[in-house]
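# Breakdown of the fold
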Amino acid sequence: ATVSQTVEEWLAVNSGYTVQVMATTDEAEANRVARRYDAARVIHAARQNKEKYLVVVGEFETLMQAKDRAS
């Protein structure tokens, strides 16, 4: 199951790295995509006065681990 959080909530409990696989204005689409991945989260953010939903995957201790997962 995915977990939907705001950026602030997510940052409060995560200090490592992750991989963003999508940014969309459609929350339902973000949730559908997040279900395709293990350890995925949907993060709600406002950018340039628009609502966005970011799909992020994984929790990595180093940037190199995140980059390896992304590729």
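Residues numbered from 1 in each chain as written. Predicted model: local features only at pLDDT ≥ 70, side-chain atom pairs only at ≥ 80, totals over all residues. Heavy atoms only, no water.

### Here's the deal with the overall build of the protein
Per the secondary structure count, the protein includes three helices and four strands. Order of helices (α) and strands (β) in the protein, N terminus to C terminus: β-α-β-α-β-β-α. For the protein, the residues scored as buried account for 31% of the 71 residues in total. Restricting to contacts in the protein with at least 6 residues of sequence separation, those with at least 24 account for 58%. (Helix = DSSP H or I, 4+ residues; strand = E, 2+ residues; numbered from the N terminus. Buried < 20%, exposed > 50% of the residue type's maximum accessible area, 1.4 Å probe, protein only. Contact = heavy atoms within 4.5 Å.)

### A word on the nonpolar core
Generally speaking, soluble globular proteins have nonpolar side chains that are buried together. Membership of the largest hydrophobic core is limited to nine residues, which are Met22, Ala30, Val33, Ala34, Ala40, Val42, Tyr53, Val55 and Val57. At the level of secondary structure, the elements contributing two or more residues to this core comprise helix H2 (27–34), strand S3 (40–47) and strand S4 (50–60). With residues near it in sequence (within four places) discarded, methionine 22 still touches Glu29, Ala30, Val33, Tyr53, Leu54 and Val55. (Core = buried A, V, L, I, M, F, W, Y, C linked by side-chain atoms within 4.5 Å.)

### Regarding unusual backbone geometry
Backbone geometry places alanine 39, a non-glycine residue, at a positive phi of 55°. For alanine 39, a relative accessible area of 49% puts it in the partly exposed group.

### A short note on H2
Every α-helix winds through 3.6 residues per turn, so residues three or four apart in the chain are directed the same way. Those residues of H2 that sit buried are Ala30, Asn31, Val33 and Ala34. In an axial view of H2, the angular spread of the buried residues amounts to 165°, which keeps them on one side of the axis. Those residues of H2 hidden inside the fold are in contact with strand S2 (17–24), S3 and S4. Between a side-chain oxygen at the N-terminus of H2 and the backbone nitrogen of alanine 28 the separation is 3.0 Å; the capping residue is aspartate 26. (Arc of directions from axis to C-beta. Polar contact = N/O pair within 3.5 Å; in protein donor to acceptor, adjacent residues only side chain to side chain.)

### With respect to the environment of glutamate 59
Assignment of secondary structure puts glutamate 59 in strand S4. Considering only alpha carbons, one finds glutamate 59 and tyrosine 17, 42 residues apart in sequence, at a separation of 5.8 Å.

### Considering the side chain of threonine 24
Tracing the sequence through the fold places threonine 24 in strand S2. Within polar-contact distance, the side chain of threonine 24 engages the backbone nitrogen of aspartate 26 at 3.1 Å. When sequence neighbours within four positions are dropped, the list of residues in contact with threonine 24 reads Glu29, Ala30, Glu51, Lys52 and Tyr53.

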